[in-house]
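For reference, the chains in residue letters:
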Amino acid sequence: MVSLQEIRAHNVSLKNLGPGLVAVFVGGTSGIGLYTAREFVRYTISPHVYLVGRNEVEAKRTIDELHSLNPDGKVQFIKSDVSLLKGVDKACDEILRTADRVNLLFLSCGMMSTGGRDETAEGLDKKFSLHYYARMRFINRLLPRLARAAGDDSSPSLSRVVSVLGAGHESKLYLDDLDLKKNYSVSNCAGQATTMTSLIMGEFARRHPSTTFIHAYPGMVKSGIARGLGPMMRYVVGAVMFLGRPWMVPPRESGERNLFASTSELFSPAGVSEFQGESSTSAIGADGVRGSGAYLVHWDGSEVGKEKVLRVYQEGDVSEMVWEHTLEVLNSC
């Protein structure tokens, strides 16, 4: 565990990166995305922040709050339904038009559901799309701007992608049904999205070594993810949150810790990643290179021990299978 004192000392040092860091927060008007955007704005000099979401009322309130934290920052809201890949494209088109680089892409969009498969107009389950396919589309579309942030000596060199989901909770994949058209359930969706995210972060890192790719587990944090549920289920979730208060990560601490994961040199292409191994002193990537640039990060800033199923999949050809499947889906929508 990285102490909160260490976390804050690191975050204060972000001013050393100079002005003008550019960050994109998908799901940044509530919950974990909002908590992290707050700390990013608080600790950086003249940042440019893009908030991607659907709720303009929440967005206006968030923009006012972020401006009060840092009057020199620029905050821009992009309204888009990112459960649809065409909605992702709409947001990315705006970012690509106005940003010459992206230092941080922070992905926390999601939803809680209790029902069966709910297909979008693009033929993808809405929850699965938000937790996996839409995030992969954001990464794929914004890679040129992330690469520019990594390679431009005249600007801050931070270049990082963070997808907040379930690192450390990987499970067996339905390899013959990766998009879960035949085997959908809420639990299967959670496991499939989590495991595929861990695998594909390694694939992205192998192909784009100047950018860091992180799959993070946030711990128990109060958020608005249950707002789409019915009254009874919202009550149940609220009761669980109330009973779980002793183990919950406070909002500001959650934001501070996520900012640490999003910026710390511990998680960088030059570092040694535990993503592929059992300890940070002996980790070696699937390609045999230390410091693969892909990391699984726990809520407390430590690296997550890799599940056995993940080791088995990485030693085989499953990572490549997930990569090819993902590109096939993105190219078809």
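Everything discussed here concerns the structure shown above.
What counts as what
- Residues numbered from 1 in each chain as written.
- Predicted model: local features only at pLDDT ≥ 70, side-chain atom pairs only at ≥ 80, totals over all residues.
- Heavy atoms only, no water.
- Salt bridge = Lys/Arg side-chain N within 4 Å of Asp/Glu carboxyl O.
- Helix = DSSP H or I, 4+ residues; strand = E, 2+ residues; numbered from the N terminus.
- Buried < 20%, exposed > 50% of the residue type's maximum accessible area, 1.4 Å probe, protein only.
- Phe/Tyr/Trp six-rings, centres within 6.5 Å; stacked < 30°, edge-to-face > 60°.
- Axes fitted to C-alpha atoms, helices over the stretch in contact; angles between N-to-C directions.
- Parallel < 35°, antiparallel > 145°, perpendicular 65-115°, else oblique.
- Left-handed = near helix turned anticlockwise from the far one by under 90°.
- Contact = heavy atoms within 4.5 Å.
- Nonpolar A, V, L, I, M, F, W, Y, C, P; charged D, E, K, R; others polar.
- Pairing = 2+ DSSP bridges.
- Right-handed = clockwise from strand over helix to strand, strands pointing away.

Engineer: Is there a simple way to think about the pattern of salt bridges in this case?
Structural biologist: Side chains carrying opposite charge are able to pair once their charged atoms draw close together. Across all of its chains, the model carries 19 salt bridges by this definition. We note a salt bridge from Arg 137 to Asp 89, for which the minimum N-O separation is 2.9 Å. A residue pair is termed long-range when its members are at least 10 positions apart, and Arg 137 in helix α5 (residues 126–151) and Asp 89 in helix α4 (residues 85–98) qualify at 48 residues. Just as Arg 137 is buried, Asp 89 falls in that class too. Residue Asp 89 is classed as buried on the basis of its relative accessible area of 17%. Residues joined in a network through salt bridges with shared partners are Arg 8, Glu 39, Arg 42, Arg 252 and Glu 256.

Engineer: Hey, could you run me through the packing of aromatic side chains in this one?
Structural biologist: Both the distance between ring centres and the angle between the ring planes are used here to describe each pair of aromatic rings. Scanning all chains against the criterion turns up nine aromatic pairs. Aromatic pair Phe 128 and Tyr 132: ring centres 6.1 Å apart, planes at 45°, arrangement tilted. Of this pair, Phe 128 and Tyr 132 both sit in helix α5, four residues apart, roughly one helical turn. As far as the burial class goes, Phe 128 and Tyr 132 line up, both buried. Judged by centre distance (5.1 Å) and plane angle (80°), the ring pair of Tyr 132 and Tyr 133 falls under edge-to-face. For the pair shown, Tyr 132 and Tyr 133 are each scored as buried.

Engineer: Would you mind going over the packing of α5 against helix α6 (residues 186–207) with me for this structure?
Structural biologist: Each pair of packed helices can be summarised by the angle the axes make with each other and by the distance between the axes. At a minimum axis separation of 8 Å, α5 and α6 run at an interaxial angle of 15°. Judged by the angle between their axes, α5 and α6 are roughly parallel. α6 is crossed by α5, and the crossing has left-handed handedness. Together, Lys 127, Phe 128, His 131, Tyr 132, Tyr 133, Met 136, Ile 139, Asn 140 and Leu 143 of α5 and Val 186, Cys 189, Gln 192, Ala 193, Met 196, Thr 197, Ile 200, Met 201 and Phe 204 of α6 make up the contact between the two elements. When its residues are assigned to classes, the contact of α5 with α6 shows 13 nonpolar, four polar and one charged.

Engineer: What exactly am I supposed to notice about the sheet that holds strand β4 (residues 104–107) here?
Structural biologist: Through backbone hydrogen bonds, the strands of a sheet pair up, either in parallel or in antiparallel fashion. Strand order in the open sheet made by the seven strands is β3-β2-β1-β4-β5-β6-β7, with parallel pairing throughout. Strands with a single pairing partner mark the edges of an open sheet, and in this sheet they are β3 (74–79) and β7 (294–297). Across the sheet, the axes of successive neighbouring strands diverge by a mean angle of 15°, strand direction being ignored. On the sheet, α6 packs against β5 (160–164), β6 (212–216) and β7 and is oriented at approximately 170° with respect to β6. Set on the sheet, helix α8 (residues 251–263) makes contact with β4, β5, β6 and β7; between it and β5 the angle comes to about 140°.

Engineer: Explain unusual backbone geometry here, please?
Structural biologist: One can expect most non-glycine residues to show negative phi and most peptide bonds to be in trans. The backbone of Ser 46 shows a phi angle near 45°, a positive value even though the residue is not glycine. Relative to the helices and strands, Ser 46 is located in the loop between α2 (31–43) and β2 (48–53). Looking at Ser 46, the relative accessible area reads 30%, which means it is partly exposed. Look at Leu 180: it is not a glycine, yet its phi comes out positive at around 60°. For Leu 180, the location among the structural elements is in the loop between β5 and α6. Owing to a relative accessible area of 0%, Leu 180 belongs among the buried residues under this scheme.

Engineer: When you look at the pairing of β5 in this model, what are you seeing that I'm missing?
Structural biologist: Put simply, side chains in a regular strand alternate between the two faces of the sheet. The buried fraction of β5 amounts to five of the five residues, a majority that puts the element mostly inside the structure. Covered by surrounding structure in β5 are Arg 160, Val 162 and Val 164 together with Val 161 and Ser 163, the residues of both alternating faces. Across four bridges, β4 lies against β5 in parallel orientation. For Phe 106, the partnering residue across the bridge sits in β5 and is Val 162. In this view, the connection linking β5 to its parallel neighbour β6 by way of α6 has right-handed handedness.

None of this, on its own, says anything about what the molecule does.
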